Structure formats: structure tokens, C-alpha cells
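# Coordinate analysis (summary)
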Amino acid sequence: MKVVTGVVGNDVHVVANRLIDISLNQRGFEVFNLGVNTYLEEFIDAVVETDADVVLISSLNGEAEGWSRDLPVLKSKYSLKDVIFVIGGNLAVGEVKEEVIIPKFKSYGFDLVFHQVDLNEGLDRLESFAKERL
Ligand code: B12
């Protein structure tokens, strides 16, 4: 299964991105890592180019929401209905409850939303979700 991953927006936090790359590879995914400071449009371009099954976006500095609002438009512009969209990391600034964050990001078109969730737990849930979809 092919995964495009990276850190969205003007976000330089690179450590999680490296760990995600390693973990996805260990789990047998084919990884296209766009690294830090990646705009949403660049994720979409990479999905189209690689015919990826999953887009896994990280955001650590709390600016994810601003970058995610364009997702519905981009999803409707390209034929991406079979692509699984995942986002995780620190999805808000300060203390915001999961009950608020998850529905918001789902309304933008993300299938799986992980706010301050352990990476392995998130990847386990991605694998189960992908299996159910197939
Ligand atoms: C190191 C660091 C920096 C370094 C980054 C160096 C680099 N190139 O990576 C520097 C000093 C540059 C920096 C800058 C800033 N930082 Co900083 N930084 C940190 C710090 C101390 C550690 C981050 C880290 O590497 N952690 C280790 C990795 C392994 O953990 P992680 O990033 O949390 O990732 C794990 C999980 O989040 C999860 N995960 C991540 N993505 C995903 C995706 C999915 C799908 C899943 C399931 C899980 C998942 O899995 C990862 C592995 O376990 C954190 C505080 C902290 N203790 O976490 C603040 C922190 C992330 N920074 C923060 C902020 C605000 C900033 C700045 C805006 C500060 C400023 N005013 O300038 C800037 C942003 C610059 C920018 N444009 O992005 C805030 C973010 C606050 C928020 N979101 O509410 C934090 C949380 C500090 C704080 N408590 O306020 N930072």
C-alpha cells in the first residue's frame, strides 16, 4: 500500500516525520515522504502522481486547521474518493478537547483524526481501517 506523508504548512517539527517514515516502512508501506513545510496542494499532487492509497499528514505547531480547510475543494477537484486521509499530531493550540477537534477535521474530509495520540496506536487503527475498506 502506498502512503504519501509529510508535515503540513509552515511547520518545521521534523522528528515525528522521521519516526513516521521509519514506522510506515517497517509495517510494509511504500512511503513517499514530502518532509516538513509541505502545503496541502503538494500532498494532493503527490497522491495523483504516485496513485497513493493513503495520505498521512502530521501537524505539530497547532496550525493544522487553517491548512485543512481547503481539503473539501481539493478532494472534489480530483478523483480521490478511494484515498484514505489521515491527520495527527498536535491539532490545536493549547488545550482543546478531542470531542471538538475530531468532528471538525472529519468535516474537512479526514477519515481518521488523531490528536495527541501515540503513533503506533494511530498506525494500528489505520491498518484496521484500510482492511475494512478493501
Ligand atoms: C523540538 C521542538 C521545536 C524545534 C523543532 C526542531 C525540528 N526541526 O524538529 C524548534 C525549536 C524549531 C521549534 C519551533 C517551534 N515550536 Co516547537 N517544539 C519542540 C518540542 C520541544 C519537541 C517536538 C519533538 O520533536 N517531539 C518528539 C516527537 C517524537 O514527538 P511529537 O512531535 O509530539 O510526535 C509524536 C506524536 O505527536 C505523534 N504524531 C505526530 N504526527 C502524527 C501523525 C499521526 C497520523 C499520528 C497517529 C501520530 C502523530 O507521533 C509522534 C511520535 O511519537 C515540542 C514540545 C514537546 N515536548 O513535544 C514543541 C512544540 C511542538 N512546539 C510548539 C511551538 C508553538 C513552536 C513554535 C510555534 C514556537 C515559536 N513561537 O516560534 C515554533 C514553530 C516553528 C514552525 N514554523 O513550525 C508547541 C506546539 C503547541 C501546540 N500545537 O499547541 C509545542 C508542543 C511546545 C509547547 N508545549 O507549546 N519547536
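Before any of the text, the structure's been laid out above.
As a starting point, this report considers the structure included with it. Keep in mind the model is a prediction, meaning the values are calculated, not measured.

Definitions and limits used
Residues numbered from 1 in each chain as written. Predicted model: local features only at pLDDT ≥ 70, side-chain atom pairs only at ≥ 80, totals over all residues. Helix = DSSP H or I, 4+ residues; strand = E, 2+ residues; numbered from the N terminus. Rg over C-alpha atoms; globule rule 2.2 N^0.38 Å. Contact = placed C-beta atoms within 7 Å. Expected span 1.5 Å × (residues − 1). Buried ≥ 20, exposed ≤ 12 C-beta atoms within 10 Å, placed from the backbone. Arc of directions from axis to C-beta. Near = placed C-beta within 6 Å. Nonpolar A, V, L, I, M, F, W, Y, C, P; charged D, E, K, R; others polar. Pairing = 2+ DSSP bridges. Axes fitted to C-alpha atoms, helices over the stretch in contact; angles between N-to-C directions. Right-handed = clockwise from strand over helix to strand, strands pointing away.

## Topic: the overall build of the protein
- Scanning the protein from N- to C-terminus turns up six helices and five strands.
- Helices and strands appear in the protein in the N-to-C order β-α-β-α-β-α-α-β-α-β-α.
- Over its C-alpha atoms the protein spans a radius of gyration of 13 Å, differing by no more than 12% from the 14 Å that the globule rule assigns to 134 residues.
- Each principal axis of the C-alpha distribution contributes one length, and for the protein these read about 35 × 35 × 30 Å.
- Counting contacts in the protein only where the partners sit at least 6 residues apart, residues at least 24 apart contribute 75% of the total.

## A look at helix H1 (residues 15-26)
- When the terminal C-alpha atoms of H1 are compared, their 17 Å separation across 12 residues agrees well with the 16 Å that a helix rising 1.5 Å per residue should span.
- For H1, the full list of buried residues reads Asn-17, Ile-20 and Leu-24. Down the axis, H1 shows its buried residues gathered within 60° of arc, on one side only. Facing away from the buried surface of H1 by more than 90 degrees, the exposed residues are Val-15, Arg-18, Ile-22 and Gln-26.
- On its buried face, H1 sits against strand E1 (2-7), strand E2 (30-33), strand E3 (54-59) and helix H6 (119-133).

## Observations concerning unusual backbone geometry
- The backbone phi angle of Asp-51 is positive, close to 60°, even though this residue is not glycine.
- With respect to the helices and strands, the residue Asp-51 is situated in the loop between helix H2 (40-50) and E3.
- By the C-beta count within 10 Å, which is 8 here, Asp-51 ends up exposed.
- Located in the positive-phi region is Gln-116, a residue other than glycine, with phi close to 50°.
- For Gln-116, the position within the fold is in the loop between strand E5 (112-115) and H6.

## A few points about the site of the ligand
- By nearness alone, 23 residues border the ligand, and Val-15, Ala-16, Gly-62, Gly-88 and Gly-122 come closest of all.
- Secondary structure elements with two or more residues in the shell around the ligand: H1, E3, strand E4 (84-89) and H6.
- Per-class residue counts for the shell around the ligand are 12 nonpolar, 10 polar and one charged.

## Re the sheet that holds E3
- Pairing within the open sheet is parallel, and its five strands lie in the order E2-E1-E3-E4-E5. Two strands bound the open sheet, and with one partner strand each, they are E2 and E5. Adjacent strand axes in the sheet meet at a mean angle of 15°, parallel and antiparallel pairs treated alike.
- With six bridges connecting them, E3 and E4 associate as parallel partners. Each bridged residue has a counterpart across the sheet, and for Val-54 the counterpart in E4 is Ile-84.
- Along the sheet, helix H5 (residues 98-107) makes contact with E4 and E5, crossing E5 at roughly 145°.

## Considering the pairing of E5
- Examined bridge by bridge, E4 and E5 share four bridges and lie parallel to one another. When the sheet's bridge partners are listed, Gly-89 is paired in E5 with His-115.
- The β-α-β motif built from E4, the intervening H5 and the parallel element E5 has right-handed crossover chirality.

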